[in-house]
Amino acid sequence: MNSINRFLIIVRIAARNLVQAPRRTLWLALAIAMVTALLVLFQGISEGTRGHLLRSATTLSAGHVNVSGFYKTTPTDVTPLIEDGARARRIVEENTTGAVQIVDRQRGFASLITAGATMQAGVAGVDIEDETILADVLQLAEESEYVDDGRQEVVGDIQGLSRPNTAVIFAGQARRLDARVGDTITLRTQTFRGQANTVDVTVVAVAQDIGLLSNFAIFVPSRVVLDLYDLSDQTTGALLIYLEDIDRSEEVMDTLRAAFLSEDYTLLEHQPEPFFAKFETVSGEDWTGQRLDLTTWEDEISFLTWIVTALDTIAFLLIGILAIIIAVGMMNTMWISVRERTPELGTVRAIGMTRTGVLLLFAVEAFLLGLAASLAGAALGTAVAAAITAAQIPIPSDAVRAILLNDIFVLVVGLKQVLGAVIAMTLVMGLAAFFPAWRASRMQPVEAIHR
Amino acid sequence: MKPVVELASVDKDYPLGKVTVKALRNVDLTFYRGEFTTVAGPSGSGKTTLLNLVGCIDVPTSGEVRVDGQLTSELGDRDLTRLRLEKLGFIFQAFNLIAALDLYQNVEFPLLLQGGMTRKERRTRVLEMIERVDLTPQLRQRPNELSGGQRQRVAIARALVTRPRIVLADEPTANLDSETGRTIIDLMKEINEDQETTFIFSTHDPMVIERAGRIVHLRDGQLVDEDTNSDSGDARGAP
Ligand SMILES: Nc1ncnc2c1ncn2[C@@H]1O[C@H](COP(=O)(O)OP(=O)(O)OP(=O)(O)O)[C@@H](O)[C@H]1O
Ligand SMILES: [Mg+2]
């Protein structure tokens, strides 16, 4: 009770000291708030990009955990498939907890050919009845988004994929191929045995782009991929597992690795790389038969995570420099404040306040200012981030669009970012105040009083 | 008679550029329990310096200072702080109240630092002390809303509220008109008699000197003379 009272007195004195120098306090608070707001905004960009990456990756090419396979009849002849899809699926189902959905995906790579243009893309073979998550996440584009004289309404339906020889493509692709719903696209590929093969598909829906990645993927019924590559019904390309809790990806992958090993499967060493990057390694290795490869969604987009890392690094450097400037300002302000209040400090020391008490007094002052200002800054940053995202501001530069993998600015600010920024700024302020406060606490009371 | 403060061969030098100011020279002096002593002397004679040493807010260049039996040079900062808080009350020449706190809180402050009292006990003690210096109507005023004499009385209340053994007052009447000054000295005298508190003042004010039980004269940092006022006396038991 007493120590609470003593502490309250310290808080009162500290607060009063802040109020007594309003200009200084306000400037400092403004600076702290601005840096905090920037910190929140930068983190928002980084988090928005991360979230976007995750969403596009998990929509287009990967589950939270993925089981895929390589089959080799000779050491150099690589086919990306799981021979006995049903068995692999049973093992996955028996050993995965917390799965929301487990789907089979056939994987291939083909040239998309129309009368007007040709482009390359990954071809994902799906069973649309099973793919409820995909059907949920893919937003269809209005026709006017990809055809100049198009209607301002959505044409087509993802469920069209349940019909044979169909395809869902993305708006960017539709524009380049000059294709709309109902048009035919020829898919051409080489089978894994080296023959050229084609299948004609009809576009049943055009989805909105999901950043850069969606240029490189289309969806077709599984059968189309099997036909393209002349594969047996028994095979599957990959099993994609979606979890309730994405943070458990690593754990689930490890459990599944153990399960497959105990079922006498041979596994590839875990490499944090996307599936397609592994072909070369695998064909260079001296083995034949079936091997499985397990990855998490992070592995599958590892070739893009440098973007997030780079964003984080830039943000960190910028904020670091700003924080140092602010900290120097804070320290300077604290020096002034200590000098102004030296007689009063001498007095309280003479009456019997300990050195620790004096330190605490300044610590509380820095803490109050740091906390209030950074909270305000974080609130401002969050509001600005929300406003930017809501305004759907188009990203003006192609380079930035490519880096952020998005066409509009999306900033995601979570509690974690806000708390992180507030705690970081408050700590920096506390540290900056420490040295002047420490000096003040070491002074002889009489020196202080007569200063 | 029980000694409460003892100074033995105390020197205090202040380095001032290339020269050294000898503020106190070879001072041997003992103060006893319940004494009401004035340290008199012209400006610059070392009065404040002497009080600061006794008050443990400064250290002698050489010699020994004992407060309540403890040799101050042997105490670390923590113990000295404790000693100041528990045994000493300091009334500064410039009042030195805490601007952030109101009258009540200023007086309560040392009790909060001490700890160990319930809220109710503390409140009773603070109100009693404020009543004694006749400031009850100004309870919630801040220092800048008080007159000089009122502030001086707050400073006295703050110094006395912990019931210290020794009260040090540096020119307690210098900022007051003679009427207020007299009231304040009489108040301190009363407390001196009630509680056997040892009072040590510095002053040039003849009115104060006249009321002291014992007068110590300083000149150029040296003890030159000592008187007792038989008519005013102090709270010491008669020898
Ligand atoms: N911090 C200091 N630095 C240098 N010299 C000092 C310091 N404090 C006091 N002195 C010198 O020490 C001597 C004694 O000073 P002190 O303040 O003790 O005198 P005083 O008797 O209290 O004077 P006054 O009546 O004017 O208050 C003076 O010559 C003064 O100039
Ligand atoms: Mg003086």
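Before reading further, recall that the structure is shown in the block above.
Structure report, in brief. Given the structure is predicted, the values throughout are model-derived calculations rather than measurements.

Reading the values: the criteria
Residues numbered from 1 in each chain as written. Chains lettered and ligands numbered in written order. Predicted model: local features only at pLDDT ≥ 70, side-chain atom pairs only at ≥ 80, totals over all residues. Heavy atoms only, no water. Helix = DSSP H or I, 4+ residues; strand = E, 2+ residues; numbered from the N terminus. Buried < 20%, exposed > 50% of the residue type's maximum accessible area, 1.4 Å probe, protein only. Contact = heavy atoms within 4.5 Å. Areas by Shrake-Rupley, 256 points an atom, 1.4 Å probe, with all protein chains shown as cover. Pairing = 2+ DSSP bridges. Polar contact = N/O pair within 3.5 Å; in protein donor to acceptor, adjacent residues only side chain to side chain. Expected span 1.5 Å × (residues − 1). Axes fitted to C-alpha atoms, helices over the stretch in contact; angles between N-to-C directions. Nonpolar A, V, L, I, M, F, W, Y, C, P; charged D, E, K, R; others polar. Patch = residues over 30% accessible without salt bridge, like charges linked within 9 Å, V, L, I, M, F, W, Y side chains within 5 Å. Salt bridge = Lys/Arg side-chain N within 4 Å of Asp/Glu carboxyl O. Phe/Tyr/Trp six-rings, centres within 6.5 Å; stacked < 30°, edge-to-face > 60°. Lys NZ or Arg CZ within 6 Å of the ring centre and 35° of its normal. Core = buried A, V, L, I, M, F, W, Y, C linked by side-chain atoms within 4.5 Å.

Section: the overall build of chain B
Of regular secondary structure, chain B possesses seven helices and 10 strands. Per-residue burial over chain B gives 55% buried out of 239 residues. Taking the contacts inside chain B whose residues are at least 6 apart along the sequence as the reference set, 70% of them involve residues at least 24 apart.

Observations regarding the overall build of chain A
A count of helical and extended segments in chain A gives 14 helices and 10 strands. Looking at the 451 residues of chain A, the share that counts as buried comes to 49%. Within chain A, contacts between residues at least 6 apart in sequence are counted, and of these 80% link residues at least 24 apart. Total accessible area on chain A is roughly 20,600 Å²; 58% of this is exposed by carbon and sulfur atoms.

Considerations on the sheet that holds strand β1 (residues 3–16) of chain B
All names here are of chain B. If you walk across this open sheet you meet the four strands as β2-β1-β4-β5, and the pairing is antiparallel. Both outer strands of the open sheet, β2 (19–32) and β5 (70–71), are each paired with one neighbouring strand and no more. The pairing of strand β4 (residues 62–67) with β5 spans two bridges and is classified as antiparallel. Counted as the bridge partner of Val 67 is Gln 70 from β5.

Some thoughts on the environment of Phe219(A)
All names here are of chain A. For Phe 219, the location among the structural elements is in strand β8 (residues 217–221). A relative accessible area of 0% means that Phe 219 is categorised as buried. For the pair Phe 219 and Gln 106, spaced 113 residues apart in sequence, the C-alpha separation works out to 9.9 Å. Excluding anything up to four places from it in sequence, Phe 219 contacts Thr 59, Leu 60, Arg 105, Ala 124, Val 126, Leu 134, Leu 138, Leu 161, Thr 166, Ala 167, Val 168 and Phe 170.

Observations concerning the side chain of Asp104(A)
All names here are of chain A. Take Asp 104: it is sitting in strand β3 (residues 99–113). For Asp 104, the side chain forms a polar contact with the side chain of Arg 89, separated by 2.5 Å. A distance of 2.7 Å separates the side chain of Asp 104 from the side chain of Thr 236, its partner in a polar contact. Apart from the residues lying within four places of it in its own chain, the contact partners of Asp 104 are Arg 89, Gly 125, Glu 131, Thr 236, Ala 238 and Leu 239.

Quick look at helix α11 (residues 355–391) of chain A
The terminal C-alpha atoms of α11(A) lie 53 Å apart, and with 37 residues this matches the ideal 54 Å at 1.5 Å per residue to within 8%. Positive backbone phi, approximately 50°, marks Gln392(A), located one or two places after α11(A).

Regarding the sheet that holds strand β8 (residues 198–203) of chain B
Residue and element names in this part refer to chain B. Reading across from one edge, β6-β7-β8-β3-β9-β10 is the order of the six strands in this open sheet, with mixed pairing throughout. At either margin of the open sheet sits one strand with a lone partner, and together these are β6 (88–91) and β10 (222–228). In this sheet, neighbouring strand axes are inclined to one another by 15° on average, regardless of whether the strands run parallel or antiparallel. Where helix α1 (residues 47–54) meets the sheet, its contacts fall on β3 (36–40), β6, β7 (166–170), β8 and β9 (214–219), and the angle it forms with β8 comes to roughly 155°.

Concerning the interface of chain A and chain B
The parts lose accessible area when they come together, and the size of an interface is often stated as this lost area. On the side of chain B, 28 residues touch chain A, which itself brings 25 residues to the contact. Across the chain A-chain B interface, the total number found is seven residue pairs in polar contact (both at pLDDT 80 or more). Listing elements by their share of the side of chain A that touches chain B, those giving two or more residues are α1 (2–20), α10 (302–351), α11 and α14 (445–449) of chain A. Among the elements that line the side of chain A that touches chain B, the one with the most residues is α1(A), at eight residues. Of the residues contributing to the side of chain A that touches chain B, the split by class is 10 nonpolar, nine polar and six charged.

What to know about a nonpolar patch on the surface
Residue and element names in this part refer to chain A. Taken together, Trp 27, Leu 30, Met 34, Leu 380 and Val 384 make up a surface patch of nonpolar side chains, about 490 Å² in accessible area. Ranked by residues supplied to the nonpolar patch, first place goes to helix α2 (residues 22–60) with three residues. Within the secondary structure layout, Met 34 lies in helix α2. Judged by its relative accessible area of 44%, Met 34 falls in the partly exposed class.

A closer look at the pairing of strand β7 (residues 196–207) of chain A
Residues and elements named next belong to chain A. Alignment of strand β5 (residues 166–170) against β7, held across five bridges, turns out to be parallel. Bridging from a neighbouring strand, Thr 166 pairs with Thr 202 of β7. Alignment of strand β6 (residues 184–190) against β7, held across seven bridges, turns out to be antiparallel. Note that in β7 the partner of Thr 184 across the bridge is Thr 202.

Overview of the packing of aromatic side chains
All names here are of chain A. Evaluation of the coordinates by the stated rule reveals 11 aromatic pairs over all chains. Members of the aromatic cluster, joined through ring pairs, are Phe 70, Phe 275 and Phe 279. Its end group placed over the ring of Trp 287, Lys 72 keeps NZ or CZ at 4.4 Å from the ring centre. Sitting above the plane of the Phe 275 ring, Arg 107 keeps its charged end 4.4 Å from the centroid.

Digging into the nonpolar core
Membership of the largest hydrophobic core comes to 38 residues, with the highest contact counts inside it found for Ile13(A), Ile32(A), Met330(A), Phe362(A) and Phe109(B). Those elements giving two or more residues to this core turn out to be α1, α2, α10, α11 and α13 (415–442) of chain A together with α3 (103–114) of chain B. Take this core: its biggest share by element is eight residues, from α10(A). Non-local contacts of Phe109(B), meaning those with residues more than four positions away in its chain, are made with Ile9(A), Ile13(A), Val348(A), Ile351(A), Met353(A), Ile98(B) and Leu101(B). By size, the runner-up hydrophobic cluster in this structure holds 35 residues, among which are Leu97(B), Leu135(B), Val167(B) and Ile184(B).

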